[in-house]
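Residues per chain, in single letters:
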Amino acid sequence: MRYPGFARDIVTLGLVREVTVQAGQVAIVLALPTDKRDVIATLDAEIEGAVRSLPGVAKVEIRRAGEQARVGGSSRAAPLPGVRHILAVASGKGGVGKSTVAVNLALALRARGLRIGLLDADIHGPSVPLMAGVPEARPRMVEEKKIVPIERYGIALVSMGFFLDDRSPVIWRGPMVMSIVRQFLKDVVWGELDILVVDLPPGTGDAQLTLLQEVAVAGGVIVTTPQDVALQDVRRGITMFDTVQTPVIGIVENMSGYVCPKCGTEEAIFGTDGGQRESAALNVQLLGKIPLVGDLRASMDLGAPLVASAPDHPISQTFAAIAELVVAGLEHQ
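Residues numbered from 1 in each chain as written. Predicted model: local features only at pLDDT ≥ 70, side-chain atom pairs only at ≥ 80, totals over all residues. Heavy atoms only, no water.

**Describing the nonpolar core**
In summary, soluble globular proteins display a tendency toward joint burial of nonpolar side chains. Counting 58 residues, the largest nonpolar core has Y3, I86, W190, L196 and L211 as its most contacted members. Of all the elements, helix 4 (residues 174-186) adds the most residues to this core, at 6 residues. If you look at the next biggest cluster of nonpolar residues, it comprises 44 residues, including A106, L107, I116 and L296. (Core = buried A, V, L, I, M, F, W, Y, C linked by side-chain atoms within 4.5 Å. Buried < 20%, exposed > 50% of the residue type's maximum accessible area, 1.4 Å probe, protein only. Helix = DSSP H or I, 4+ residues; strand = E, 2+ residues; numbered from the N terminus.)

Written as structure tokens, this is what we have:
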């Protein structure tokens, strides 16, 4: 049985603390990460129905554990020492340019004079080393087996890509992914940071779960394209953050239109104003719209993101405006 907003079941999430069976009576102790009555009622009803359907079960009793589970939400999970805010950059599906947004947003935040770290939590498909122009870098280890981040453009970087060569496949099951994300959070010498930007993999899986379990996330930014198929997944992402009581600061609409490099005209090849409509429907702020521009794609392939290499470029200015809204959103949490 899945917890609302997550791909994992309640047992895997560690929400079932105790189960006792005696003379046809089943007592279940749950530790839930939410106070929302509708979520609790739904879970209770589904659990009771599933258990009652088992042979020999005459009665089901569901109780609450005295200790709340830490599945997420800034009010329940512990802060990361030395880090003022943790910002999760997420997407409901792949191929929307989430990592491009995460890297340039981190650089735009750094341009505001903030101390920034960037954690690439996409264990199976790490792309931050290439986008940051340091694909061959290898972090060093210090005493107590702590990882020292790679510094690039004034930002502290950690990624699984720093520990692999360009042909190494990552074929790991959930527990290993969760272990690596946990290590990148707790066993890295992040130092004093104003914001740690976490570039999450697409969807709502193991990396997202581990992040929200382990540390207090101040807010989330969801990246999408104007396409209806991508916008449907935005709702799932917002539901995930909402379920674990982590605020969504806003939506970034990437690939909002294609800008012709010769004539400068913009064509909405993926639809028009999808992000604007979705943000209004979900009552979430639209942080900005980023068109599909050749300069942006080329800069990421070269490891010289526009915000760092061309700060006066219109796209860089858009990221600067998004960064301003993100900072305001974090300060109001």
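Here the narrative resumes, following the displayed structure.
**Overview of the environment of F162**
Counting through the fold element by element, F162 comes out in the loop between strand 9 (155-159) and helix 4. Distance from F162 to P129, taken between C-alpha atoms, is 6.8 Å for residues 33 residues apart in sequence. Setting aside residues no more than four positions away along its own chain, F162 makes contact with P129, V134, A137, R138, P139, I150 and L157. (Contact = heavy atoms within 4.5 Å.)

**Some remarks on helix 10 (residues 314-331)**
Here helix 10 contains 18 residues, and its C-alpha end-to-end distance of 26 Å stays within 8% of the 26 Å for a straight helix at 1.5 Å per residue. When helix 10 is considered as a whole, its buried residues turn out to be I315, S316, F319, I322, A323, V326, V327, G329 and L330. All buried residues of helix 10 project into a common sector of 155° when viewed along the axis, lining one side. (Expected span 1.5 Å × (residues − 1). Arc of directions from axis to C-beta.)

**Some points on the packing of helix 2 (residues 98-111) against helix 10**
Look at helix 2 against helix 10: their axes get within 9 Å of each other, and the N-to-C directions meet at 75°. When the axis of helix 2 is compared with that of helix 10, the two are roughly perpendicular. Taking contact as the criterion, the partners of T100, V101, N104, L105, A108 and L109 in helix 2 are, on helix 10, F319, A320, I322, A323, V326 and V327. In terms of residue class, the contact of helix 2 with helix 10 is made up of 10 nonpolar, 2 polar and no charged. (Axes fitted to C-alpha atoms, helices over the stretch in contact; angles between N-to-C directions. Parallel < 35°, antiparallel > 145°, perpendicular 65-115°, else oblique. Nonpolar A, V, L, I, M, F, W, Y, C, P; charged D, E, K, R; others polar.)

**Notes on the sheet that holds strand 3 (residues 59-64)**
Here we have 3 strands laid out as an open sheet, ordered 1-2-3, and mixed in their pairing. Strands with a single pairing partner mark the edges of an open sheet, and in this sheet they are strand 1 (16-22) and strand 3. Pairs of neighbouring strands in the sheet enclose a mean axial angle of 15°, with direction left out of account. Of the pairings in the sheet, the one linking strand 2 (residues 25-30) to strand 3 comprises 6 bridges and is parallel in character. Paired with I28 across the bridge in strand 3 is I62. (Pairing = 2+ DSSP bridges.)

**Some points on the packing of aromatic side chains**
Under the defined criterion, the tally for this structure stands at 1 aromatic pair. Ring plane angle 25° and centroid distance 6.0 Å describe the contact between F163 and F184, whose orientation is recorded as stacked. Linking F163 in the loop between strand 9 and helix 4 with F184 in helix 4, this pair joins segments that are 21 residues apart in sequence. Residue class for F163 comes out partly exposed when judged on its relative accessible area of 35%. By relative accessible area, F184 is classed as buried at 2%. (Phe/Tyr/Trp six-rings, centres within 6.5 Å; stacked < 30°, edge-to-face > 60°.)

**Overview of the pairing of strand 5 (residues 116-120)**
Taking burial as the measure, the 5 residues of strand 5 include 5 buried ones, the bulk of the element. With 5 bridges joining them, strand 5 and strand 10 (residues 193-199) adopt parallel strand pairing. Counterpart to L118 in the pairing with strand 10 is V197. Direction of pairing for strand 5 relative to strand 9: parallel, over a ladder of 4 bridges. By the bridge assignment, L118 is partnered in strand 9 with L157.

**Re the pattern of salt bridges**
Overall, the coordinates contain 10 salt bridges when judged by the stated rule. Shared partners join several salt bridges into a network, and the residues in it are R182, K186 and E214. (Salt bridge = Lys/Arg side-chain N within 4 Å of Asp/Glu carboxyl O.)

**Things to note about the pairing of strand 9**
Among the 5 residues in strand 9, 5 count as buried, and that is most of the element. Examined bridge by bridge, strand 8 (residues 150-152) and strand 9 share 3 bridges and lie antiparallel to one another. When the bridges of strand 9 are listed, I150 appears paired with L157. Joining the antiparallel neighbours strand 8 and strand 9 is a turn of 2 residues, in which Y153 adopts a positive phi near 55°.

**Some details on unusual backbone geometry**
The phi torsion of most residues other than glycine is negative, and most of the peptide bonds are trans. The phi torsion at A23 lies on the positive side, around 50°, for a residue other than glycine. Mapped onto the secondary structure, A23 falls in the loop between strand 1 and strand 2.

**Section: a nonpolar patch on the surface**
On the surface, Y258, I269 and L292 cluster together into a nonpolar patch covering about 240 Å² of accessible area. Of note, I269 is situated in the loop between strand 13 (266-267) and helix 7 (274-282). (Patch = residues over 30% accessible without salt bridge, like charges linked within 9 Å, V, L, I, M, F, W, Y side chains within 5 Å. Areas by Shrake-Rupley, 256 points an atom, 1.4 Å probe, with all protein chains shown as cover.)

**Here we look at the environment of V217**
In this structure, V217 sits in the loop between helix 5 (206-214) and strand 11 (219-224). The class of V217 is buried, set by a relative accessible area of 0%. Through-space distance from the C-alpha of V217 to that of A88 is 7.1 Å; in sequence the pair is 129 residues apart.

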